[in-house]
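Here's the letter readout for the chains.
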Amino acid sequence: MHQFPPQQIAIIGLGYVGLPLAAEFAKKYRVIGYDINPQRIQALNQGIDRTLEVEKELLLELITKGKQAHHTGLICTHRVEDIRAAQVYIITVPTPIDVHKKPDLRLLLAASATVGQVLKPQDIVIYESTVYPGCTEEDCVPVLEKHSGLRFNQDFYVGYSPERMNPGDKKHRVSQIKKVTSGSTPEVADYVDRLYASIISAGTHRAPSIRVAEAAKVIENAQRDINIAFVNELAKIFHCMNIDTHDVLAAASTKWNFLPFTPGLVGGHCIGVDPYYLAQKAQQVGYHPEIILAGRRLNDGMGYYIAQQVVKLMVHHEIKIKGAEVLVLGITFKENCPDVRNTRVVDVVKELQSFGIRVEVADPWADPAQVAEEYQLELKPREALKQYDAIILAVAHSCFRDWQVEQYKKPNGVIYDVKAFLDRSLVDGRL
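The paragraphs below set out a description of the structure included in this document. (Residues numbered from 1 in each chain as written. Predicted model: local features only at pLDDT ≥ 70, side-chain atom pairs only at ≥ 80, totals over all residues. Heavy atoms only, no water.)

1. Side note on empty space enclosed by the protein
Operational definition: Only protein atoms enter the 1 Å grid used here. Points where a 1.4 Å probe fits but cannot escape make up a cavity, open sets with protein on both sides within 12 Å along at least five of seven lines make up a pocket, and a residue lines them when an atom lies within 4 Å of a point. Grid points are joined across faces, edges and corners, and a volume is the space filled by probe spheres set on the points. Put simply, Ala, Val, Leu, Ile, Met, Phe, Trp, Tyr, Cys and Pro go in the nonpolar bin, Asp, Glu, Lys and Arg in the charged bin, and everything else, Gly too, in the polar bin.
All told, the structure shown has 1 cavity of 30 Å³ or more when counted by the stated rule. A volume near 80 Å³ is recorded for the largest cavity. Grouping the constituent residues of the lining of the largest cavity by class yields 5 nonpolar, no polar and 4 charged.

Rendered as structure tokens:
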């Protein structure tokens, strides 16, 4: 019924998830990578990946093969018509939350409409975007039907295989992370599983339904969020007791089954977002989640808490708060990664600014234009830094070890280490 392997695979969305997936598939199949951003496509065709997830040499090699009409290789395009020849469409667009912290499906539904325009009988559409249980069949499939004129599970089929990308992680690559797969019929589920198994060396886990696979994804990140919320609350408690949280965690971690979570800011496109998808669906079916939302509230308040602790330290050092100058090191949501999506470092910056403090931010990993566009913040290059009343190490980029951070502190200034990254003798406070 379905030709295996497919002659062509289309990947919709070439960001942190889509591009590495497209590159992995392109080693064995002919892949059409589609993105609505022409500038992104132009850069990729030159071997430039601003996400730093795919090396230039590999990217150019795959694109060269794609141009030479090999059975393998990658073609990057922003033209919808170019993906019409595919038999399998894999959608990897972002699924953020809106200002009210509700699921924002606009990009997902727009991508579904785009695929619907070129969908043909017997085609399979696989979703990787994180959603709540039921979203694929209840929200996306009707869009595919509307724009294609085809009937679900008669003319076309869908699968769901949640992305498990970890931006910036060079150890756990696409092929090295076990993949959950599912399909809208048993035959399609088998097809989807075989397709991913052909490129995933870590193996696959075939879920019994699409809804199970969707649910598995959201609880992975909700679980991490709750565990981090727990240690964040511990950090607040131990601060009141004048106990160093990291000393406590180091001692507790000597037990074999203690979970190694550390306190900090919880941002990014997954952990700080996915619990809201599960909470939204839970409320729709009549259950009000308590632990999930409590964890979210606590983690969302950590930027405010950190800023408050820094201000208290400054007061203790008799530093005048209004007009004081503070340097924040790091704006990305995690270390050694250029991803600034949903970074909670901005919460620290905004709270400090509310005191009349002048804040400067430095981050060699982040794209200054992207930070300016998304957060209206100017990134300072290292050579433009001076001395400050306070320094906050917000992101543990490896390069900051070589910066000699203490040289940017005024004689009576303070250093606050969010990540317990710096030598303890240098800092005045840490989370």
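Now that the structure is up, let's keep going.
2. Details of the nonpolar core
How we decide: Working definition of a nonpolar core: buried Ala, Val, Leu, Ile, Met, Phe, Trp, Tyr and Cys residues. They are joined through side-chain atoms within 4.5 Å. Buried, partly exposed and exposed residues are distinguished by accessible area as a fraction of the type maximum, computed with a 1.4 Å probe on protein chains only: under 20%, between the cut-offs, and over 50%, respectively. Numbering of helices and strands runs from the N terminus, with a helix taken as a DSSP run of H or I at least four residues long and a strand as a DSSP run of E at least two residues long. We call two residues in contact when some of their heavy atoms are within 4.5 Å.
Core analysis: the largest hydrophobic core is formed by 40 residues, its most contacted members being Met-314, Val-328, Ile-331, Leu-352 and Ile-392. Among the secondary structure elements, those contributing two or more residues to this core are helix H7 (210-240), helix H11 (302-316), strand E9 (325-329), helix H12 (345-353), strand E10 (358-362), helix H13 (368-375), strand E11 (388-393) and strand E12 (409-417). Among the elements that line this core, the one with the most residues is H11, at 8 residues. Among all residues touching Ile-392, those that are not within four sequence positions of it are Val-310, Val-326, Leu-327, Val-328, Leu-329, Val-348, Leu-352, Tyr-416 and Val-418. Val-115, Val-273, Tyr-277 and Leu-278 belong to the second largest nonpolar core, which has 37 residues in total.

3. Digging into the side chain of His-397
Spelled out, the test is: Two N or O atoms count as a polar contact when they lie within 3.5 Å, although within protein this holds only if one can serve as hydrogen donor and the other as acceptor, and sequence-adjacent residues are included solely when both atoms are side-chain atoms.
Within the element layout of this structure, His-397 appears in the loop between E11 and E12. The buried category is assigned to His-397, whose relative accessible area is 0%. A polar atom in the side chain of His-397 sits 3.4 Å from the side chain of Thr-332. Polar side-chain contacts of His-397 include one of 3.0 Å to the side chain of Asp-363. When near neighbours in sequence (up to four residues on either side) are disregarded, His-397 contacts Thr-332, Lys-334, Glu-335, Asn-336, Cys-337, Asp-363, Trp-365 and Phe-421.

4. Structural notes on the sheet that holds E11
Let me state the cut-off plainly: For two strands to pair, DSSP has to find at least two bridges joining them. Interaxial angle, 0 to 180 degrees, is taken between N-to-C directions of lines fitted to C-alpha atoms, where a helix line uses only the stretch in contact.
The strand order across the open sheet formed by 5 strands is E10-E9-E11-E12-E13, and the pairing between neighbours is parallel. In this open sheet, the two strands that pair with only one neighbour each are E10 and strand E13 (429-430). Docked against the sheet, H11 engages E9, E11, E12 and E13, running at close to 150° with respect to E12.

5. Focus on the pattern of salt bridges
Stated formally: The salt bridge criterion pairs a side-chain nitrogen of Lys or Arg with a carboxyl oxygen of Asp or Glu, the two atoms within 4 Å.
Using the criterion set out here, one finds 27 salt bridges in the structure. One salt bridge connects Lys-27 with Glu-24, and the closest N-O pair in it is separated by 3.4 Å. Judged by its relative accessible area of 15%, Glu-24 is buried. Between Lys-179 and Glu-128 there is a salt bridge, with its nearest N and O atoms 3.1 Å apart. Note that Lys-179 is positioned in strand E7 (residues 179-181) and Glu-128 in the loop between strand E5 (124-127) and helix H5 (135-148), a separation of 51 residues in sequence. Of the two residues, Lys-179 and Glu-128, neither departs from the other in class, the shared state being buried. Each of the salt bridges in this network shares a partner with another, and the network as a whole consists of Glu-325, Arg-358, Lys-386, Asp-389 and Lys-410.

Such coordinate-based values are descriptive only and should not be taken to indicate function.
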